[in-house]
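Observations on chain architecture
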Amino acid sequence: QGGQAPPIPGARFRIRAAAGAEPMVGGADGLLKSAFRLWDSPVVLALVWVSAVISTVAVLSQQQQLLQASGAGCGRAAVPDRAYRGSAGVPGSAGGGLLGDGAGSADAAAAGTASEVSAALAALEPWASPQARHTALLALQRMGGNLLAHPGEPKYARIWKANSAFVKALGSLHGHDAAMRAFGFRDDVEAETWQFVDQVANRQHLEAAMSVLQRAISDLPQG
């Protein structure tokens, strides 16, 4: 009437509802208050305490394991030194050990060299005269002595098989090749020569062989 628009149904209700609504700030404060109330509840506090207890137990358990491992290491270090040297406290004994292993290996190598050299010298034309055997052993001694006195000298590390002095003193005897190999010489590179490779292990082998040779020369019958 009078040109006014007819009222929209339900509009008055929506306006009143909007006018009576709480502002957004008030809603956020309500959420915070609810959260604080939930945090202060006995259930949440109990869960927090349980988590703290579990964490503490885990840390203590880990520390206990570390202490046990450390104690085991200290106990190994406290073992007497003789336990690492062998069953009888002697370097290289059958009991092994940290310090006995190296000495035992060296002793085994020296024993192997002595056995090889002794067998080779015994098989060096055993039916030869004492004088011939003595000459052959002296030739071996001279060659080994030159190698030890002049390390790295090619003229001492290479012996021609056809050399007349070598053939006369040693090369003509049965078993001389085994004797040369027992002293560290080889002929697989040049078949016409005996070669000695000047290395630390070969020199140690030669030194042990020379000791056996010296005893063999001393044991030869005199005259």
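Our subject is the structure listed above.
Residues numbered from 1 in each chain as written. Predicted model: local features only at pLDDT ≥ 70, side-chain atom pairs only at ≥ 80, totals over all residues. Heavy atoms only, no water.

1. Observations regarding the environment of tyrosine 156
The following threshold applies: In DSSP terms, a helix is any run of H or I states spanning at least four residues, a strand is any run of E spanning at least two, and both are numbered starting from the N terminus.
Considering the arrangement of structural elements, one finds tyrosine 156 in helix α7 (residues 154-157). Taking the C-alpha atoms as reference points, tyrosine 156 and glycine 145, eleven residues apart in sequence, are found 9.5 Å from one another.

2. Considerations on the packing of helix α6 (residues 130-149) against helix α8 (residues 164-171)
Note the threshold: All axes here are fitted lines through C-alpha atoms, helices being fitted over the stretch that makes contact, and every angle between N-to-C directions spans 0 to 180 degrees. Here is the rule for angles: anything less than 35 degrees is roughly parallel, anything more than 145 is roughly antiparallel, 65 through 115 is roughly perpendicular, and the remaining ranges are oblique. When checking whether two residues touch, look at their non-hydrogen atoms; a contact exists if any pair is within 4.5 Å. Polar here means any residue outside two lists: the nonpolar Ala, Val, Leu, Ile, Met, Phe, Trp, Tyr, Cys and Pro, and the charged Asp, Glu, Lys and Arg; Gly therefore counts as polar.
Taken N-terminus to C-terminus, the directions of α6 and α8 make an angle of 125°; their axes are 8 Å apart at the nearest point. With respect to each other, α6 and α8 are oriented oblique. Across the interface between the two elements, Thr135, Ala136, Ala139, Leu140 and Met143 of α6 pack against Phe166, Ala169 and Leu170 of α8. Looking at the contact of α6 with α8 residue by residue, the class counts come to seven nonpolar, one polar and no charged.

3. Things to note about the nonpolar core
Heads up, the rule is: Only buried residues count toward a nonpolar core, which is a set of Ala, Val, Leu, Ile, Met, Phe, Trp, Tyr and Cys residues joined through side-chain atoms within 4.5 Å. The cut-offs for exposure are 20% and 50% of the maximum accessible area for each residue type, with area from a 1.4 Å probe on protein chains only; residues under the lower value are buried, those over the upper are exposed, and the others partly exposed.
In terms of nonpolar packing, the biggest core is built from 30 residues, with Leu140, Leu170, Phe183 and Phe185 touching the most fellow members. For leucine 140, the residues in contact, after removing those within four places along its chain, are Leu121, Leu170, Ala179, Met180, Phe183, Met210 and Leu213.

4. A word on the pattern of salt bridges
To keep things clear, this is the line we draw: Each reported salt bridge corresponds to a side-chain nitrogen of Lys or Arg within 4 Å of a carboxyl oxygen of Asp or Glu.
Tallied over the entire structure, the rule returns six salt bridges. Measuring nitrogen to oxygen at the nearest pair gives 2.8 Å for the salt bridge that ties lysine 161 to aspartate 187. Of this pair, lysine 161 sits in the loop between β1 (158-160) and α8 while aspartate 187 sits in the loop between β2 (185-186) and β3 (193-196); the two residues are 26 residues apart in sequence, bridging distant segments of the chain. When its relative accessible area of 25% is taken as the criterion, lysine 161 is described as partly exposed. Ionic pairing is found between arginine 203 and aspartate 198, a salt bridge with its closest N-O pair at 3.4 Å.

5. Looking at the side chain of histidine 205
Note the cut-off: Polar contact criterion, stated in full: a pair of N or O atoms within 3.5 Å, where within protein one must be able to donate a hydrogen and the other to accept it, and residues adjacent in sequence count only if both atoms are side-chain atoms.
Position of histidine 205 relative to the elements: it lies in helix α10 (residues 200-219). Within the local environment of histidine 205, its side chain forms a polar contact with the backbone oxygen of alanine 182, the two atoms lying 2.7 Å apart. Histidine 205 has contacts with Thr113, Glu116, Ala182, Phe183 and Gly184, leaving out every residue within four places of it along the chain.

6. A word on the sheet that holds β3
Heads up, the rule is: At least two bridges found by DSSP between two strands are what make those strands a pair.
The three strands are arranged β1-β3-β2 in an open sheet whose pairing can be described as antiparallel. Each end of this open sheet is capped by a strand with a single partner; those strands are β1 and β2.

Take it as geometry only, folks, not as evidence of what the structure does.
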